[in-house]
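# Descriptive analysis of the structure
Residues per chain are reported as follows:
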Amino acid sequence: MGDCKPTIPEVETEEELIAAAKNIVKALETNKNLTNDAKKILANLGMQLCDIIRENDLKDEGVKENEGLNEIEQQLDLIQDKVLNWERDQSIIWECGPEEAYEYLKAVDEARKLTENLESLSLNNGSDGLLRRAHDVLQMAMARLEEEFRHLLVQNRQPFEPEHMSFRSIEEDIMEAGSVISSGDDSLEDVVQRDSMSRGSEEYIIELVHPDVIPDLKSIANLMFDSNYGRECSQAFISVQKDALDDCIYILEVEKVSIEDVLKMEWSTLNSKIRRWIRAMKIFVRVYLASEKLLSDKIFGDLESVSSVCFVESSKTAILQLLNFGEAIAIGPHQPEKLIRILDMCEVLADLIPDIDTLYSDDMGSCVRIECQEILRRLGDCAKATFLEFENAVASNISTNPFPGGRVHHLTRYVMNYIKTLADYRETLDVILKDHEREDPVSVSPDMSPVGEEENIEGSSLVSPMARHFQSLSVILECNLDDKSKLYKDDALQHLFLMNNIHYMAEKVKGSKLRTVLGDGWIRKHNWKFQQHAMNYERATWSSILSLLKDEGIQNPGSNSISRTILKERLQSFYLAFEEVYKNQTGWSIPDSQLRDDLRISTSLKVIQAYRTFVGRHINHISEKHIKYTADDLEDHLLDLFEGSQKSLHGSHHKK
C-alpha cells in the first residue's frame, strides 16, 4: 500500500487561487490543532509565496536600476567631457572668469555625487567599469582643483612690507652694531639705549591673500574635502604657505644660521643679528602668524580641526627656526656685553608667549608652545650665569699701574653704566635671580632700604633679588677701587681717586632708576664716603704745608721776639711746597665740574685764610721782596688744580 498524502486541488485562475487561499485561512481559524504534516505543508506554502514575491520585486528593481545606470552614464559622459576639455585647454580656470570657475566646480561636484551614488548601488560586474570611470574623472578633476588652489594662493599673495607698520611694539630702527655699555666718557653714555618692549595696543592683522579670492579657495577646499581629497588640499596649502613664511623671514632680514655659526660670530655682528631677531620675532608672531592663522580659519573654518592642522604645519618650521637662534644665544659663552641683549630676548619672548599660546592652543601646536617655554628658560639661565660672571669679572679685575690723574676709572664707568641699564630690566632680573642668593649677601641697614620696597609686618625691608645683587656688586666694585688706590704712592692722590669714583657712583645712582633699586640710604652713605675722602685729601695735601704758616717756632731762641730768618725760611718753604703741589695737582683730574669747584673752594678757603692771616700778622717782619705771591695769586693758582694738565710755577715771580 502506498503512502497516503493530502492532495491540493489544481487551480487555473487567479480567482480560484484566491478562493482556495481564503478556504485555508478559514480552516485555520476554526482548527487550531494542526498535525505535523499540516504544519509542514503550510510552511512550504509560505516559503513558495515568499520566493515568488522576491523574484517579482527583483525583476522590478532590475528594470529601474538599469534605467538609473543609463541615466548616470549619460551624466558622467557630460561631466567627463567638461573635465577633459579643460585638461586639453591647459588654461587656468579661475583666470577665465567667475562663470567658468562656477561651472567647473558644479561639474566636479556632480561627479562627486555620481560616484557616491554608484558606490551605494549593488552593482553587477558589468557596472564596475562605470564606477572606475567615475573615480578616474573625479581624480582628474581633483588634481586640477589642487593646481588651481595653489595658483590662487601664489598669484594673489599680498606684498608684505613691515617697514610700513607703525604700531608701537615694532617701531624700532636697527642701530649700528657696537658696544651696549659705554666705558668711556659720560658723553658716550647716551649710546646705552634699551629697545622698546612695549606691546602694541592690538595685533596688526594684514591680508596675506587678496580677500576677493578667499571664497574661491574656500569652495575648492570644501569640495576637495567632501570628495575625500582633503589631504591633497591641505598639503597644497601647507606647501605654498611654508614658502610664503620663508619669504617673510627673508624680508625681515633674518638669515638661516646654524648654532655653530652663531657661536663663532664676532660680538658686533651678533649684536646686530640679535636686534634684528627681536624686531623680527615681534612682527612675525604678532603680525604674520596672526594673519596666517586668520587665513587658515577663513579657508578651512568649516572643516573642524583642519584649519589648526594647516596653520601649525605651515608655520612650525619657520617659528622653530627663529627659536633656534635663541637656543644658540643661550648656549653661547657668558660674556658681560651680551647680557643686555639676552635680557631683551627674554623680555620679548616672555611678552610673546601669550600670543604663541593662543595661536598654537591645541595639541597640534604643543611642540611650539613647549619649545618657546624651554628657550625662555634657557635664555634666563644664560642671563643669570652672565650676570654672575660679570660680578666675578669685576671682583677679579686687576690693575698693575695707577690710573692717570686719579680720574674715574674705566671699570667704575663700565659697572655703573652697566647696572644703570640693567635697572630697566628690574622685573625680569628679579625673576631670573630670585633663586640665587649670594653666599655672602650684603647686609642692608633700615636706612638703606630701596625706595618703594614694601615692608613686612616686622618692619624690615624686603630687598628684591636684583637690589641685593646690585648692592653686592657696588661693594665688590668699591673693594676693587680700594685696591687700585693703593697703587698710588701719594696718599692725597689715593683719596682723590676714591673721591672721584665714589662720587661718580653716587651721582649715577641718584640720577637714574638705580635710585629706586639701591635707595636714598645708599646714596647718603656714599655721599658721606666721598666727602670723607675729600677731607682726607685736604688733610694729606695741606696739613703739613699749612703748618708752616703757624706761629709756633718762629721766635728767636731764648726770647719772644720774631725771627726774621725763620719767617723768611717759613715763607720760602711754603712757596716751594705750594709750587710742588701746583706742579703735581694741576695734572690730577676731577672730571665732575661741581665736585672740582667745591674742592677748590674748600681748599682755597683754608689755604688763603691761613696765608693771609700769617702774612698780615707778620707783615712788619717780612721784607716785601720775600713775598713771592699775594693771596690773590695763590687763589688764582688754586683754580688751575685738577684740570688734568700739568703746569709749573718754578722760576717765576707772581707778585702783583
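This structure is a prediction, so every number in the text was calculated from the model and none was measured.

Counting its regular elements, the protein chain contains 19 helices and zero strands. Counting the 656 residues in the protein chain, one finds 44% classified as buried. For the protein chain, the exposed area adds up to about 34,700 Å²; of that, 49% sits on carbon and sulfur atoms.

What follows deals with the state of the cysteines. The final tally for this structure, using the stated rule, is zero disulfides. C346 carries a free sulfur, and the closest cysteine sulfur to it, the one in C382, is 8.0 Å from it. Classification of C346 as buried rests on a relative accessible area of 4%.

Any two packed helices are characterised by how steeply their axes cross, that is the angle between the axes, and by the distance between the axes. The contact between helix α9 (residues 306-330) and helix α11 (residues 366-395) brings their axes to 9 Å, and the two run at 15 degrees. Classified by the interaxial angle, the pair formed by α9 and α11 is roughly parallel. Relative to α11, α9 is oriented so that their crossing is left-handed. Here α9 contributes K316, I319, L320, L323, G326, E327, I329 and A330 to the contact with α11, which in turn contributes C367, V368, E371, C372, I375, R378, L379 and C382. Partitioned by chemical class, the residues of the contact of α9 with α11 number eleven nonpolar, one polar and four charged.

This next bit is on the side chain of S307. Counting through the fold element by element, S307 comes out in helix α9. With a relative accessible area of 4%, S307 lands in the buried category. A distance of 3.3 Å separates a polar side-chain atom of S307 from the backbone oxygen of S296. In this view, S307 contacts S296, D297 and F300; residues no more than four positions away in its chain are not counted.

Scanning the model with the defined rule gives 33 salt bridges in all. Measuring nitrogen to oxygen at the nearest pair gives 3.0 Å for the salt bridge that ties E507 to K510. Of this pair, E507 and K510 both sit in helix α15 (residues 491-510), three residues apart, roughly one helical turn. By relative accessible area, K510 is classed as partly exposed at 34%. Within the structure, one salt-bridge network assembled from shared partners comprises E327, E374, R377, R378 and D381.

Counted according to the given criterion, the structure contains 21 aromatic pairs. Seen from their ring centres, F284 and Y288 are 6.2 Å apart, and the 5 degrees between their planes marks the pair as stacked. Taken together, the residues F284 and Y288, both in helix α8 (residues 267-300) and four residues apart, mark about one turn of the helix. Note on F284: relative accessible area 0%, which makes it buried. Since its relative accessible area comes to 4%, Y288 is described here as buried. Among the aromatic residues, those joined into a cluster by ring pairs are W542, F574, Y575, F578, Y611 and Y629.

Our focus in this paragraph is the nonpolar core. Nonpolar side chains in soluble globular proteins tend to end up buried together. Grouped together as the largest cluster of nonpolar side chains are 177 residues, with contacts concentrated most on L145, F149, F284, F300, F470, W542 and Y611. Looking at which element gives the most residues to this core, the answer is α8, with 16 residues. Apart from the residues lying within four places of it in its own chain, the contact partners of F149 are L217, I220, A221, C233, A236, F237, I299 and F300.

This paragraph deals with α15. Its 20 residues place the ends of α15 28 Å apart at the C-alpha level, agreeing with the 28 Å of an ideal helix rising 1.5 Å per residue. Where burial is concerned, most of α15 is hidden: 16 out of the 20 residues are buried.

So, on to the environment of Y425. Take Y425: it is sitting in the loop between α12 (410-422) and α13 (426-433). Judged by relative accessible area, Y425 falls into the buried class, the value being 0%. In sequence terms Y425 and D344 are 81 residues apart; their C-alpha atoms lie 8.5 Å from each other.

On the surface, a cluster of negative charge is made up of E99, E100, E103 and E110. As for its placement among the helices and strands, E99 is situated in helix α3 (residues 98-120).

Right, let's talk about α9 for a bit. Across its 25 residues, α9 extends 35 Å between first and last C-alpha, which sits within 8% of the 36 Å expected from 1.5 Å per residue. Most pronounced at K316, the bend in α9 amounts to some 45 degrees. The element α9 is extensively covered by neighbouring structure, given that 19 of its 25 residues are classed as buried.

This part takes up unusual backbone geometry. Of all residues except glycine, most have a negative phi; of all peptide bonds, most are trans. Despite not being glycine, E253 has its phi angle at roughly 65 degrees, a positive value. By the element assignment, E253 lies in the loop between α6 (230-251) and α7 (259-264). Even without being glycine, F642 reaches a positive phi, approximately 70 degrees. A residue is classified by how much of its surface remains accessible, and F642, at 1% relative accessible area, is buried.

Attention shifts here to the confidence of the model for the protein chain. For the protein chain, the average pLDDT comes to 83, and 81% of its residues sit at 70 or higher. For the stretch residues 1-6, pLDDT sits under 50, and the model shows one contact to residues farther than four places along the chain or on other chains. Scored below 50 in pLDDT, residues 439-460 makes 38 contacts in the model with residues more than four places away or belonging to other chains.

With that out of the way, let us pick up a nonpolar patch on the surface. A surface patch of nonpolar side chains, amounting to about 300 Å² of accessible area, comprises I24, L28, L45 and L49. Counting only elements with at least two residues in the nonpolar patch, the list comes to α1 (14-30) and α2 (36-89). Inspection of the secondary structure assignment puts L28 in helix α1. Among the residues examined, L28 registers a relative accessible area of 31% and is labelled partly exposed.

The next thing to look at is the environment of E146. Within the fold, E146 resides in helix α4 (residues 125-155). Separated by 89 residues in the primary sequence, E146 and Q235 place their C-alpha atoms 9.4 Å from one another. Beyond its immediate stretch of four places on either side in the chain, E146 contacts M224, E232 and A236.

Within the secondary structure, K293 sits in helix α8. Given a relative accessible area of 17%, K293 falls into the buried group. When residues no more than four places from it in sequence are discounted, the contact partners of K293 are F311 and L359.

To continue, consider the environment of V309. Considering the arrangement of structural elements, one finds V309 in helix α9. With relative accessibility at 29%, the residue V309 sits in the partly exposed group.

What counts and what doesn't
The residue numbers shown here count from 1 along each chain, following its written sequence. With the structure being a predicted model, the display of local features is reserved for residues of pLDDT at least 70 and the display and counting of side-chain atom pairs for 80 or more, all residues being used for whole-chain, interface and lining totals. The basis for every side-chain value is the complete set of non-hydrogen atoms in the structure, without hydrogens or water. Labels follow the DSSP assignment, with helices taken as runs of H or I lasting at least four residues and strands as runs of E lasting at least two, numbered in each case from the N terminus. Residue exposure (1.4 Å probe, protein chains only): buried if accessible area is under 20% of the type maximum, exposed if over 50%, otherwise partly exposed. Throughout, the Shrake-Rupley method with a 1.4 Å probe supplies accessible areas, and for residues the shown protein chains are the sole cover considered. Our working definition of a disulfide is a cysteine sulfur pair at a distance within 2.5 Å. Note on method: axes are straight lines fitted to C-alpha atoms, helices fitted across the in-contact stretch only, with angles between N-to-C directions ranging 0 to 180 degrees. An angle below 35 degrees is treated as roughly parallel, one above 145 as roughly antiparallel, one from 65 to 115 as roughly perpendicular, and anything else as oblique. Note: crossing handedness is left-handed where the near helix turns anticlockwise from the far helix by less than a right angle, and right-handed where it turns clockwise. Any two residues whose heavy atoms approach within 4.5 Å at even a single point are treated as in contact. Here the term charged refers only to Asp, Glu, Lys and Arg, the term nonpolar to Ala, Val, Leu, Ile, Met, Phe, Trp, Tyr, Cys and Pro, and the term polar to all other amino acids, Gly among them. Residues adjacent in sequence count toward polar contacts only when both atoms are side-chain atoms; beyond that, a polar contact is any pair of N or O atoms within 3.5 Å, and within protein one must be able to donate a hydrogen and the other to accept it. One side-chain nitrogen of Lys or Arg within 4 Å of one carboxyl oxygen of Asp or Glu is enough to make a salt bridge. Think of it this way: a Phe, Tyr or Trp ring, Trp meaning its six-membered ring, pairs with another when their centres are within 6.5 Å, and the plane angle makes it stacked under 30 degrees, edge-to-face over 60, tilted otherwise. Buried Ala, Val, Leu, Ile, Met, Phe, Trp, Tyr and Cys residues form a nonpolar core when they are joined through side-chain atoms within 4.5 Å. Helix span is expected to be 1.5 Å times the residue number reduced by one. Each patch groups residues whose relative accessible area exceeds 30% and which form no salt bridge, using 9 Å between like charges and 5 Å between nonpolar side chains of Val, Leu, Ile, Met, Phe, Trp and Tyr. The charge count includes Lys and Arg as positive and Asp and Glu as negative, but it does not include His or the ends of the chains. Charged side chains are reduced to one point each, which is NZ for Lys, CZ for Arg, CG for Asp and CD for Glu. A residue's bend is simply the angle between two axes: one fitted to the seven residues ending at it, one to the seven starting at it. Confidence scores here are pLDDT values: one per residue, from the predictor, ranging 0 to 100.

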